[in-house]
Amino acid sequence: MTALAESTTLAELTTLRVGGPAAAYLVTTTEAEFIAAITQADDDGTPLLVIGGGSNLVVADAGFPGLVLRDGRSGWILDSADACSGASVTVVAGQDWDGFVAAAVAERWVGLEALAGIPGTVGAAPVQNIGAYGAEVSDVLSKVRTWDRQERRVRTFAVGELALGYRTSLLKQTLGQAWSPTPRYVVLDVSFQLRRADVSRPLRYAELARRLGREVGQRAPLGEVREAVLGLRAAKGMLAEHVVGGNTAAPEHDRWSAGSFFTNPVLPLERAERLLPAAAPRYPVRAVIGAGMSGIYRTEVDPALVKTSAAWLIERAGFTKGYGLDGLAGGQSCSPATLSTRHTLALTNRGGATAADIVSLARAICDGVQAKFGIELEPEPNLVGLTI
Ligand code: EPU
């Protein structure tokens, strides 16, 4: 068990690089140690913040008055593999997400290729049902083993029990309750059911299909899909740090972010028709229709709902790429916190930002989008000790 210096700050532990000191910070290296640390904190009434890669987290400048805990394990085990049903794989929560995706593509396990380059850990993936480029982790999840802080026992959820939706799950729903800012159920490991093939699932995202020279609905070699997604993410400044490599020449402030800062608003059809300009993007919303005996999660398009683009609304409300609250110098905002210069959905730290700077920018954007379109934006990251 590794206890780090008391002076560890949340700025050092998060990709947005803001946030004050952690009262205590611990990295555990076995499941037993991880559970013991959670139980000890709960027994003592110590606030608990379990973190993964710190890529979806914004903590206040005052810091965190409790234990910040990280599962330092990595790796996975192959539970079973056969030509018909594919591979069943269980991955420990602390494993880096993209490292597992890279290995899955190399093994010809299908279904994770479009989720390449997402920062963070495997344990965090089901909490907000991570998704990108037409795929969601719910497509290939089979079960999640957790530590239940209320009942103090290991509890396993089959995919159909997890209430998975667009950037949400049962795990995330228990985050705002008495257990805050960590869910009641803390992920220990995640199991996937993955088919084996050389080609991807049918492509669902127009931008990705275009980059691959294919149509939506067609398939492409797994490795090509992964490379194309990494290219798209790099162009948007939304790549996991280790994929970018050891280029430390100039800090890439567009990547000092928490990814998408807001979720894409989901509106009832009638509201969408009333509020959205004709040119606004409209995406289908997939609703859960159940999980079969195989554990494979099934969704279908809900015709009563429309998802639009938060990035589009932000940009058309006047917050263009690189926008900051302070004035311009040489065409660029001199604010410590600005929108990414590559994507209006990422709030970024230009080097000296505080959590308060991020909050002020987020508030201005929410207010501006509300005033222009009558639509409320919801923050996507876990906000600790602060509100927008
Ligand atoms: N757009 C703008 N300005 C921009 C960027 C985008 O107007 O600066 C508009 C364009 O119309 C574009 C549309 O927004 O077509 C959608 O942009 P993009 O394809 O980049 O996707 P997104 O909806 O902004 C979502 C996810 C991302 C995921 C991408 C790709 C959410 C909140 N975000 O972003 O996930 O990588 O799709 O699938 O659902 C994350 O959750 O942290 C995340 C990065």
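Structure: above.
Parameters at a glance
- Residues numbered from 1 in each chain as written.
- Predicted model: local features only at pLDDT ≥ 70, side-chain atom pairs only at ≥ 80, totals over all residues.
- Heavy atoms only, no water.
- Phe/Tyr/Trp six-rings, centres within 6.5 Å; stacked < 30°, edge-to-face > 60°.
- Helix = DSSP H or I, 4+ residues; strand = E, 2+ residues; numbered from the N terminus.
- Pairing = 2+ DSSP bridges.
- Axes fitted to C-alpha atoms, helices over the stretch in contact; angles between N-to-C directions.
- Contact = heavy atoms within 4.5 Å.
- 1 Å grid on protein atoms, 1.4 Å probe; cavity = no way out; pocket = protein on both sides within 12 Å on 5 of 7 lines; lining within 4 Å.
- Points joined across faces, edges and corners; volume = space filled by probe spheres on them.
- Nonpolar A, V, L, I, M, F, W, Y, C, P; charged D, E, K, R; others polar.
- Near = heavy atom within 4 Å.
- Polar contact = N/O pair within 3.5 Å; in protein donor to acceptor, adjacent residues only side chain to side chain.
- Areas by Shrake-Rupley, 256 points an atom, 1.4 Å probe, with all protein chains shown as cover.
- Core = buried A, V, L, I, M, F, W, Y, C linked by side-chain atoms within 4.5 Å.
- Buried < 20%, exposed > 50% of the residue type's maximum accessible area, 1.4 Å probe, protein only.
- Salt bridge = Lys/Arg side-chain N within 4 Å of Asp/Glu carboxyl O.

Novice: I keep staring at the packing of aromatic side chains and nothing clicks. Help me out?
Specialist: The description of an aromatic ring pair rests on the distance of the ring centres and on the angle between the ring planes. For the structure shown, the criterion picks out nine aromatic pairs. Summarising the aromatic geometry, the rings of Tyr133 and Tyr205 are spaced 5.1 Å apart at their centres and angled 75° between planes, so their arrangement reads as edge-to-face. Of this pair, Tyr133 sits in the loop between strand S8 (131–132) and strand S9 (135–136) while Tyr205 sits in the loop between strand S12 (185–194) and helix H5 (206–211); the two residues are 72 residues apart in sequence, bridging distant segments of the chain. An aromatic cluster of at least three residues, connected via ring pairs, comprises Trp76, Trp97, Phe100 and Phe192.

Novice: Got a minute to help me understand the sheet that holds strand S11 (residues 153–158) in this structure?
Specialist: Note on sheets: strands pair through backbone hydrogen bonds, and any given pair is parallel or antiparallel. Strand order in this open sheet of five strands is S6-S7-S12-S10-S11, and the pairing throughout is antiparallel. Looking at which strands have only one partner, the edges of the open sheet turn out to be strand S6 (76–82) and S11. Geometrically, the sheet is characterised by an average inter-axis angle of 15° between neighbouring strands, direction not taken into account. Each of strand S10 (141–148) and S12 touches helix H2 (residues 31–44); the most contacted strand, S12, lies at about 145° to it.

Novice: Looking at this structure, I do not really get unusual backbone geometry. What am I missing?
Specialist: Negative phi is the rule for most residues except glycine; trans is the rule for most peptide bonds. The amide bond that connects Ser180 to the next residue, Pro181, takes the cis arrangement and shows omega of 0°. If you trace the backbone, Pro181 turns up in the loop between helix H4 (170–173) and S12. Not every positive phi belongs to a glycine, and Arg108 is a case in point at roughly 65°. Looking at the secondary structure, you find Arg108 in the loop between helix H3 (97–106) and S8.

Novice: Looking at this model, I keep getting lost on empty space enclosed by the protein. Mind explaining?
Specialist: In this approach the atoms are scanned with a rolling probe the size of a water molecule, which exposes any empty space left behind. Tallying each qualifying case throughout the model produces one cavity of 30 Å³ or more. Every residue lining the largest cavity is counted, 13 residues in all, and those nearest its centre are Glu113, Ala114, Tyr133, Arg201 and Pro202. Split into classes, the residues belonging to the lining of the largest cavity amount to seven nonpolar, three polar and three charged.

Novice: Sorry if this is basic, but what is going on with the site of the ligand here?
Specialist: Around the ligand sit 27 residues, and of these Tyr133, Tyr166, Tyr205, Glu315 and His343 come closest. Contact between the ligand and Glu315: a nitrogen atom at 2.5 Å from a side-chain N or O atom of the residue. Arg316 places a polar side-chain atom, nitrogen or oxygen, 2.9 Å from an oxygen atom of the ligand. For the ligand, the protein covers 82% of the area, taking 830 Å² as the surface of the free molecule. Those elements that place two or more of their residues in the shell around the ligand are S8 and helix H9 (310–316). A per-class count over the shell around the ligand returns 11 nonpolar, eight polar and eight charged.

Novice: Just checking my understanding: could you explain the nonpolar core for this structure?
Specialist: Nonpolar side chains in soluble globular proteins tend to end up buried together. If you look at the biggest cluster of nonpolar residues, it comprises 51 residues, and the most contacted ones within it are Trp97, Phe100, Leu112, Leu141, Phe192 and Leu208. Listed by contribution, the elements that provide at least two residues to this core are strand S7 (86–92), H3, S10, S12, H5 and helix H6 (222–235). Excluding residues that lie within four positions of it along the chain, Phe192 makes contacts with Ala87, Ser88, Val89, Val91, Trp97, Phe100, Leu112, Val122, Val137, Val140, Leu141 and Ser142.

Novice: Would you mind showing me how to read the pattern of salt bridges here?
Specialist: Counted according to the given criterion, the structure contains 22 salt bridges. Residues Arg226 and Glu227 are paired through a salt bridge, measuring 3.9 Å at the closest nitrogen-oxygen approach. Judged by its relative accessible area of 16%, Arg226 is buried. Each member of the salt-bridge network shares a partner with another, and the members are Glu31, Asp71, Arg73, Arg145 and Asp189.

Novice: What is the right way to look at the environment of Leu230 in this model?
Specialist: Looking at where Leu230 falls in the secondary structure, it is placed in helix H6. Separated by 116 residues in sequence, Leu230 and Ala346 place their C-alpha atoms 17 Å apart. Apart from the residues within four sequence positions on either side, Leu230 is in contact with Asp98, Ala116, Gly117, Leu239 and Val243.

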